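# Survey of secondary and tertiary structure
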Amino acid sequence: MNRRLGLIRVCAVSPEVKPADVNFNLEKIKESIRSIGDKNIDLVLFPELSLTGYTCGDLFYQNNLLESAKDALLSLAVFSTDVVPCIVVGIPFSYKNKLYNCAAVICEGKILGIVPKTHLPNYNEFYEKRWFSSGKNIVSNKDSIVLDNQNIAFGTDILFDICGVNYGIEICEDLWVPIPPSSKMALAGAEIILNLSASNEQAGKNGYLLDLIRHQSAKCRCGYVYSSAGTGESSTDLVFSGNCIVAENGNIVAVAPRFHIGSKSVMADIDIEAIRNDRMKFSTFNDNSEEYDYTIISVHRSKEIYEEDKDWKVLKRISPTPFTDGSKENLTQRCEEISEIQVWGLSQRLRSIGARNAVIGISGGLDSTLALLVTVSAFDQLNLDRKGIIAVTMPGFGTTTRTHDNANELMDLLGVTSLEIPIADAVGQHFKDIDHPKDKLDATYENSQARERTQILMDLANKYNGIVIGTGDLSELALGWCTYNGDHMSMYGVNGSVPKTLVKFLVNGYAETTENPKIKEVLLDIINTPISPELLPASKNDEILQKTEDLVGPYELHDFFLYYMLRYSFSPKKIYCLALLAFKDVYNEDVIKKWLKVFYRRFFSQQFKRSCMPDGVKVGSVCLSPRGDWRMPSDASSRLWLEDVEKL
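Read on for an overview of the structure. (Residues numbered from 1 in each chain as written. Predicted model: local features only at pLDDT ≥ 70, side-chain atom pairs only at ≥ 80, totals over all residues. Heavy atoms only, no water.)

### Topic: the packing of aromatic side chains
Heads up, the rule is: Planes of paired rings set the category: under 30 degrees apart is stacked, over 60 is edge-to-face and the rest tilted, where pairs are Phe, Tyr or Trp rings (Trp by its six-membered ring) whose centres lie within 6.5 Å. For the purposes of this entry, the term helix denotes a DSSP run of H or I that reaches at least four residues, the term strand denotes a run of E that reaches at least two, and both are numbered from the N terminus. Comment: the charge-over-ring label is applied if NZ (Lys) or CZ (Arg) is within 6 Å of the ring centre and within 35 degrees of the ring normal.
In this structure the tally under the stated criterion is 28 aromatic pairs. Each ring, one from F604 and one from W641, has its centre 4.8 Å from the other, and the planes form 45°; the classification is tilted. Of this pair, F604 sits in helix 17 (residues 589–605) while W641 sits in helix 19 (residues 639–646), placing them 37 residues apart in sequence. Aromatic ring contacts, followed pair by pair, group F323, F560, Y563, Y564, Y568, F570, F583 and Y587 into a single cluster. Here K18 stacks its cationic end above the ring of F24, 4.6 Å away from the centre of that ring. Looking at R610, its charged tip hangs above the ring of F603, at a distance of 4.1 Å from the centre.

### A look at the pattern of salt bridges
For the record, the criterion: The term salt bridge refers to a pairing of a side-chain nitrogen on Lys or Arg with a carboxyl oxygen on Asp or Glu at a separation within 4 Å. The buried label applies to any residue whose accessible area, calculated with a 1.4 Å probe on protein chains only, is under 20% of its type's maximum; exposed applies above 50%, and partly exposed to all values in between.
Across all of its chains, the model carries 27 salt bridges by this definition. Across the pair D367 and K500 runs a salt bridge, and its minimum N-O distance is 2.8 Å. Of this pair, D367 sits in helix 7 (residues 366–381) while K500 sits in helix 12 (residues 500–513), and the two are 133 residues apart along the sequence. K500 matches D367 in its accessibility class, with the two residues each being buried.

### As for the layout of surface pockets
For clarity, the cut-off: Any residue with an atom within 4 Å of a point lines the site, the site being either a cavity, points on a 1 Å grid over the protein atoms alone where a 1.4 Å probe fits but cannot get out, or a pocket, an open set with protein on both sides within 12 Å along at least 5 of 7 lines. Grid points are joined across faces, edges and corners, and a volume is the space filled by probe spheres set on the points. Residues are grouped as follows: nonpolar covers Ala, Val, Leu, Ile, Met, Phe, Trp, Tyr, Cys and Pro; charged covers Asp, Glu, Lys and Arg; every other residue, Gly included, is treated as polar.
There is about 1300 Å³ of room inside the largest pocket. Taken together, 43 residues make up the lining of the largest pocket; nearest its centre are N251, P322, D325, Y563 and Y568. Those elements giving two or more residues to the lining of the largest pocket turn out to be helix 4 (205–219), strand 13 (251–255), helix 5 (272–281), helix 6 (328–353) and helix 15 (555–568). The biggest single contributor to the lining of the largest pocket is helix 6, with six residues. The residue makeup of the lining of the largest pocket, split by class, is 19 nonpolar, 13 polar and eleven charged.

### Overview of the sheet that holds strand 11 (residues 223–228)
To be explicit about the condition: When DSSP finds at least two bridges between two strands, those strands are taken to pair. Between the N-to-C directions of two axes lies an angle of 0 to 180 degrees, each axis being a line fitted to C-alpha atoms and, for a helix, fitted only over the stretch in contact.
Read across the open sheet, the seven strands follow the order 13-12-11-10-9-8-15; overall the sheet is mixed. Strands at the two margins of the open sheet, each flanked by one partner only, are strand 13 and strand 15 (295–299). Averaged over all pairs of adjacent strands, the angle between their axes in this sheet comes to 25°, without regard to strand direction. Here five bridges tie strand 9 (residues 165–171) to strand 10 (residues 192–197), and the two strands are oriented parallel to one another. Across the sheet, the residue bridging to Y167 is I192, located in strand 10.

### Some details on the environment of S75
Put simply, the test is: Any two residues whose heavy atoms approach within 4.5 Å at even a single point are treated as in contact.
For S75, the location among the structural elements is in helix 2 (residues 63–79). Assessed through its relative accessible area of 25%, S75 is described here as partly exposed. Each C-alpha atom of the pair S75 and L26 lies 8.5 Å from the other, and the pair is 49 residues apart in sequence. Leaving out residues up to four positions away in the same chain, S75 has contacts with L26 and K30.

### Focus on a negative patch on the surface
Using the following cut-off: Patch definition: residues with relative accessible area over 30% and no salt bridge; like charges joined within 9 Å; nonpolar side chains (Val, Leu, Ile, Met, Phe, Trp, Tyr) joined within 5 Å. All accessibility values rest on the Shrake-Rupley procedure with a 1.4 Å probe; residue burial counts only the protein chains present in the view. Charge counting follows a simple rule: Lys and Arg are positive, Asp and Glu are negative, and His as well as the terminal groups are ignored. Here the site of a charge means atom NZ of a Lys, CZ of an Arg, CG of an Asp or CD of a Glu.
Taken together, the side chains of D405, E409, D412 and E521 make up a negatively charged region of the molecular surface. The element contributing the most residues to the negative patch is helix 8 (residues 401–414), with three residues. Inspection of the secondary structure assignment puts D412 in helix 8. Taking relative accessible area as the criterion, D412 reaches 54% and is therefore assigned exposed.

### What about the packing of helix 1 (residues 22–36) against helix 2?
As a reminder of what qualifies: Should an angle fall under 35 degrees it is taken as roughly parallel, and over 145 as roughly antiparallel, whereas 65 to 115 is taken as roughly perpendicular and any remaining angle as oblique. Left-handed describes a crossing whose near helix is turned anticlockwise from the far helix through less than a right angle; right-handed describes the clockwise counterpart.
Between helix 1 and helix 2, the least distance of the axes is 9 Å, while the angle of their chain directions is 20°. The angle between helix 1 and helix 2 falls in the class roughly parallel. The interaxial crossing formed by helix 1 with helix 2 has right-handed handedness. Contact residues: helix 1 offers V22, L26, I29, K30, I33 and R34, while helix 2 offers L65, S68, A69, A72, S75, L76 and F79. Class assignment of the residues belonging to the contact of helix 1 with helix 2 gives a composition of nine nonpolar, two polar and two charged.

### Details of the sheet that holds strand 3 (residues 86–95)
Where strands meet in a sheet, backbone hydrogen bonds hold them as pairs that are either parallel or antiparallel. The strand order across the open sheet formed by eight strands is 6-7-5-4-3-2-1-14, and the pairing between neighbours is mixed. At either margin of the open sheet sits one strand with a lone partner, and together these are strand 6 (144–147) and strand 14 (264–271). For this sheet the average axis-to-axis angle between neighbouring strands, irrespective of direction, equals 30°. For strand 5 (residues 110–116) and strand 7 (residues 150–154), the ladder comprises two bridges, and the chain directions are parallel. Residue pairing across strands places I114 opposite F154, the latter belonging to strand 7. On top of the sheet, helix 5 reaches strand 1 (7–14) and strand 14; it is set at about 50° to strand 14, its chief contact.

Rendered as structure tokens:
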């Protein structure tokens, strides 16, 4: 295991086989292990009955075949003495006058245990009960096997603790039943499930298989490694494509191409730390764990994988934008769903309080644009007149023509009630009242404008018997990049759990789906406008000088830090290492460290703003609502985290 990142490297292999030719199969297994070489693999998995082939039929009754398989297993154990990864292979094994379809686990010269298959398919093309018995009632504390003077645990109640990581084994059909053995194994502590399979191909079956593996890994909050029979298995009646699949916690992370002649394999890294964090965080996972009793077989290899290996590369895609990761099709679908959630949340709030009016401040920036689009959709859903949306522009000392014009044009195109209330005079009077120099461009200068705007919105809401719609997003809340009791406050925040990197995609989604080309044009220009609160004066050329990301750092970095801190509770060290991988061609080490330090400093110091943030709907797995996902004292110390950053 890579100790720095908490990753386990696994390899699923589907070797070429010849049914009943054990020596050929053994050599192909050894050849596959040799071919992966010194790639720091912790464990390599082979298919069901891989030592004999799955399609041997009544040859499984032949003692010659069974004894050859045992000899091959012992040979493989000797072979494993000189290799790093643990090896899991399929073998038919006779015990007390019964034959079992088994998985054998081998590590550094020893056979650690043998696990028989529990659920035997005996329908349609499958006839496994003709040859094999179920291992359902075989438990390791009563049953063991002596093979070549080794006392080997035998049973379906075995988990393997290999260098501190727990593995469970199920075989093919075991996954397809209503309550798979892997569910119980996971509750008993198995963090990675290994499935040795020989599932044949049928039209449409592969998609179902991928969904099955994805969902099982999600429900069990585990890694799932799947290896299935392929090239060489008999095609008398069936076809075996050699599926090799790795999943982690609901995501397929690696898949080998099907229908490839010869041996094939796929390698991937599974994040054990993320799995353990999820199991600790989601308490319902462990509710039934006490009911399942498993024997743990532990081994600590002498050949360990060290994080100092300079050639070690992560075999796991680290997305620089975890909030918007996925294919274009999936992202589009996700954005549509998030928009629906935002709209539904606001619709419910308006219905429950009987409000027919809403007040919203429009700056011409991304956040207020998204909030306006959500509000318009909510009014349409409730069959309310869009004129009940009072959209207000409040130009101040830093408002540019570009944002001002975009705000006004968007309001007109959407058919809402638009107001313009300049704030310069009111803020100027306020400066006189508190004796603040008008040319002193400090926090007072900026925050006075934000609070004046909020006061106007709140008073208009009273006037029109409506509610103020908040525009601030998740990233701003995380960094505290909002004025306390200014733009920080509203009566319902529709963007409160939407990170900045996602806001742009959501606005773009509205742009791509609108039938009005003028609305699309305005939205696209807003997307391309630099992010700014526009609280400081613009340049002589009327261009934005106060760019948020120049001050607090790139939002793509902060959203990356936020995701891994909150979603998986990773340490600063691990987040830093992941960021180096994700942004290797964008930011250097010093830049990432600089903004990581800023992130932690601001995140801790600005908690007081989140402690009293307005109501707002949750749209994803990361949220900072003090009523739901994030409870933290406002005076918590950041020392441990900042010290960790300094050591990087």
